[in-house]
Amino acid sequence: MPRFGLPILACMGWACLSVLWAHNTTEAVWSLVYWGVITWLYFMTTTILAGNPKAVRTVLWALFAAGWGISVIGILQYLEFCLPIQQSVAPAATFANRNMAVQFIAMVWPVGFALWRQAGKAMYPVITHMCATMLAYIVVADNRTGWLVVCCQGVALAIMLSLKNSQEKSQASTSKTSRLKRIFSPKYALATLQKSPKTELKQSTRKNSSFHRRIALAYGLALFLFLISLGPDGIRFSSLTNMTHRVGTAVSEAAGQHDGKRDTSVALRKAIYLNSLEMFKDRPWFGFGIGNHKVFYPAYSQAAVKDRVFSEKIQLHNAHNDYLQWAVETGIVGVLLLCWLVFSVGRVAVAGAFQGGWQKISVLLGLVALAIAAMFSFPMQRSIPPMVGAVYLGILGCKNEVS
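Overview of the structure. (Residues numbered from 1 in each chain as written. Predicted model: local features only at pLDDT ≥ 70, side-chain atom pairs only at ≥ 80, totals over all residues. Heavy atoms only, no water.)

Considering the side chain of Ser 301
So, point 1. Looking at the secondary structure, you find Ser 301 in the loop between α13 (293-300) and α14 (322-355).
So, point 2. Excluding anything up to four places from it in sequence, Ser 301 contacts Asn 275, Lys 306, Asp 307 and Phe 310. (Helix = DSSP H or I, 4+ residues; strand = E, 2+ residues; numbered from the N terminus. Contact = heavy atoms within 4.5 Å.)

Thoughts on a nonpolar patch on the surface
So, point 1. Together, Val 29, Trp 30, Val 33, Val 37, Trp 40, Met 44 and Ile 48 make up a nonpolar patch on the protein surface, roughly 720 Å² of accessible area in all.
So, point 2. Tracing the backbone shows Val 37 in helix α2 (residues 25-49).
So, point 3. Note on Val 37: relative accessible area 46%, which makes it partly exposed. (Patch = residues over 30% accessible without salt bridge, like charges linked within 9 Å, V, L, I, M, F, W, Y side chains within 5 Å. Areas by Shrake-Rupley, 256 points an atom, 1.4 Å probe, with all protein chains shown as cover. Salt bridge = Lys/Arg side-chain N within 4 Å of Asp/Glu carboxyl O. Buried < 20%, exposed > 50% of the residue type's maximum accessible area, 1.4 Å probe, protein only.)

Notes on helix α1 (residues 5-17)
So, point 1. The first and last C-alpha atoms of α1 sit 18 Å apart over 13 residues, in line with the 18 Å expected at 1.5 Å per residue.
So, point 2. Restricting attention to buried positions, one finds in α1 the residues Gly 5, Pro 7, Ile 8, Cys 11, Met 12, Trp 14 and Ala 15. (Expected span 1.5 Å × (residues − 1).)

Topic: the packing of aromatic side chains
So, point 1. Scanning the model with the defined rule gives twelve aromatic pairs in all.
So, point 2. Taking the centre distance of 5.4 Å and the plane angle of 55° together, the rings of Trp 21 and Phe 286 count as tilted. On the criterion of sequence distance, the pair formed by Trp 21 in the loop between α1 and α2 and Phe 286 in the loop between α12 (265-282) and α13 is long-range, its members being 265 residues apart.
So, point 3. With relative accessibility at 28%, the residue Trp 21 sits in the partly exposed group.
So, point 4. By relative accessible area, which is 46% here, Phe 286 ends up partly exposed. (Phe/Tyr/Trp six-rings, centres within 6.5 Å; stacked < 30°, edge-to-face > 60°.)

Notes on the state of the cysteines
So, point 1. Applying the stated rule across the entire model yields zero disulfides.
So, point 2. Of all cysteine sulfurs, the one in Cys 151 lies closest to Cys 152, which takes part in no disulfide; the gap is 6.9 Å.
So, point 3. Owing to a relative accessible area of 23%, Cys 152 belongs among the partly exposed residues under this scheme. (Disulfide = S-S within 2.5 Å.)

Quick notes on unusual backbone geometry
Note: most residues except glycine have negative phi, and most peptide bonds are trans.
So, point 1. Positive phi is not limited to glycine here, since Glu 80 has a value of about 65°.
So, point 2. Following the sequence through the fold, Glu 80 ends up in the loop between α3 (53-78) and α4 (98-108).
So, point 3. Judged by its relative accessible area of 58%, Glu 80 falls in the exposed class.
So, point 4. You will see that His 320, though not glycine, has its phi angle at about 60°, which is positive.
So, point 5. Take His 320: it is sitting in the loop between α13 and α14.

The quantities given are spatial measurements derived from coordinates; they are silent on function.
Structure follows, in structure tokens:
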């Protein structure tokens, strides 16, 4: 059984049981088919990639390259280049909606950390170029969830690196006595006198590699600043100004400081969340059944706060919070099973941070993006983000580590 197999099967099994009390079995069955494919993809990933580090590296490169290609298309759309790609909310690249594109890119850009550690000096500029392009797209796409996700990824990376450094310091202190014994031993003295030129060559190679890394990082930073300074009318720094305005607007909306004349995204989400909580209170243990949140929401659209957008013509399809929707549909039992899965992944995250494996760290940062986006959107109700998440869980589950 793969590492996360039991909690995933438990969540899937409970979702299947919830069909028994779901009012609309058609919606429930379609949701089960969707989640069944995601579960199958996880087990297939663990089976195919187990014991095959080269295949893991190929999958990571494919995801990373896809994210870069999508970000290039999105930036060109932002600069108003005429591309034969239809969009509903620009710049959406090939996803029709920019929110979905940002969520995918936020999941795949951290793979650059693992590829960077595995690459030679000739690939450093390439990887930094691709990472800078993807981060620049997240900035210019005007998506507040994407900005929050990148910030949370930075915090998670800092925590993992601090855990790694603390572990290295503790190991260094415990082995200090044994190192002193080796230093003063005759064998160590003889090995020092007979130091081969190969050792000196390795040290010079490391210094040269460090220099190339710094040059590549400087190039990536310059490219990132250049891309976010561009606009349809030239170099305007409009994206940074818009980012500041959008963040300030979100803070004021969350504090309730808006004019009330228009239905802002924060106000709409607040209404949906409060009304969904009323649904959860009515059926706390077993929920309404998988896929049935949207079936019963019309009866609760004014239960706590009036949802001013909801009407006969405009129906709610997703709760804009995947955790809340899962709780409403599967109840407390489903929430506990989901916590089991999150706890299992969290243990691997801590172990990966202590061991310092950059492949684990990169994949976990991608899962952080999915977890944060699920708080304010519905990536788990779309096809691409859960599939990427299943692949990431499969990579962690097959216990491979590319050095």
